[in-house]
Amino acid sequence: MLTFEDYIDNNKIAFRIAKQGYYDIKSVKSNFEKVLSILGDLDKTEHIAALTLRLKNRVKVRKVIQGIETTEYIKTDYPIAKSVANAISIKTTKKFWGRKGRHNKMPMVFSIESSKNWDKEHIHALIRFKDLKQHYEPDQLSMILRGICNDFEEVNSKDHTAVEISMFHYCDDETKKLGSSIEYICKSSANFKDHSYDPLLHFTKRTL
């Protein structure tokens, strides 16, 4: 099992401090271990996707006021980003697990990167493709996941940089990629000295 101590080093901490101004190593370590516990034991036969999803700056919302339907655009915020992440979790599980996913979801972790204004427009995720019903090549998994993300109104499907996916084996040979990906989605917990912000999203068991 990959450990935070095996992966993190003083150079990375110094880099984060220089970039962010602060790095709460205890908070990042706690979330690092939490992510590993959710993803489960390493398995070289399985793949994992590191996903970065950039949402539109504004999204279209339809409202009915006094029986009249109107459309307005609102700025992308935390609730919208969390809603998209939850929907990705549900749709991905349904696609790859079918009926098995009615009561559980595939091992995956989402985080929302925070800005100083508490507007979160970037979603990060690690999605482990575990116990699949059939074999998929890595590029097939990436293509399906990209299609799921691009189907959302909140994502600009015409922007090829809106969805970034990196595929690699979930095993010891890929610990550098895995460690980097986990630390990256946990690093936002270092931005708040009072521990007031946890970047990891917590979803309950999915339901249809």
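Residues numbered from 1 in each chain as written. Predicted model: local features only at pLDDT ≥ 70, side-chain atom pairs only at ≥ 80, totals over all residues. Heavy atoms only, no water.

S.K.: Before we go on, may I ask you to explain the nonpolar core in this structure?
M.R.: Ranked by internal contacts, the top residues of the largest apolar core, which has 30 residues, are Leu53, Phe110, Ile123, Ile127, Phe129 and Val163. When contributions to this core are tallied by element, the ones reaching two or more residues are β1 (43-54), α4 (78-97), β4 (108-113), β5 (122-129), α5 (138-150) and β6 (163-170). Top element by residues in this core is α4. It accounts for six residues. Among residues more than four places away in sequence, those in contact with Phe129 are Glu46, His47, Ile48, Ala49, Phe96, Met106, Leu141 and Met167. One finds Val109, Leu126, Leu178 and Ile182 within the second-largest nonpolar core, a separate group that totals 22 residues. (Core = buried A, V, L, I, M, F, W, Y, C linked by side-chain atoms within 4.5 Å. Buried < 20%, exposed > 50% of the residue type's maximum accessible area, 1.4 Å probe, protein only. Helix = DSSP H or I, 4+ residues; strand = E, 2+ residues; numbered from the N terminus. Contact = heavy atoms within 4.5 Å.)

S.K.: What's the story with the confidence of the model for the protein chain in this structure? I'm lost.
M.R.: A low pLDDT score tells you not to read the predicted coordinates there in detail. Mean pLDDT for the protein chain: 84, with 87% of residues reaching 70 or above. Put simply, strand β2 (residues 58-65) is where the protein chain has its lowest mean pLDDT, 79, and α5 is where it has its highest, 96. (pLDDT = per-residue confidence, 0-100.)

S.K.: Is there a simple way to explain the sheet that holds β6 in this structure?
M.R.: Strand order in this open sheet of four strands is β4-β5-β1-β6, and the pairing throughout is antiparallel. Of all the strands in the sheet, just β4 and β6 have a single pairing partner and so form its edges. For this sheet the average axis-to-axis angle between neighbouring strands, irrespective of direction, equals 15°. Relative to β5, β4 is paired through six bridges, and the arrangement is antiparallel. Counterpart to Ser111 in the pairing with β5 is His124. Contacting β1, β4 and β5, α4 runs over the sheet at an angle of about 160° to β4. Contacts from α5 reach β1, β5 and β6, with the element oriented near 145° to β6. (Pairing = 2+ DSSP bridges. Axes fitted to C-alpha atoms, helices over the stretch in contact; angles between N-to-C directions.)

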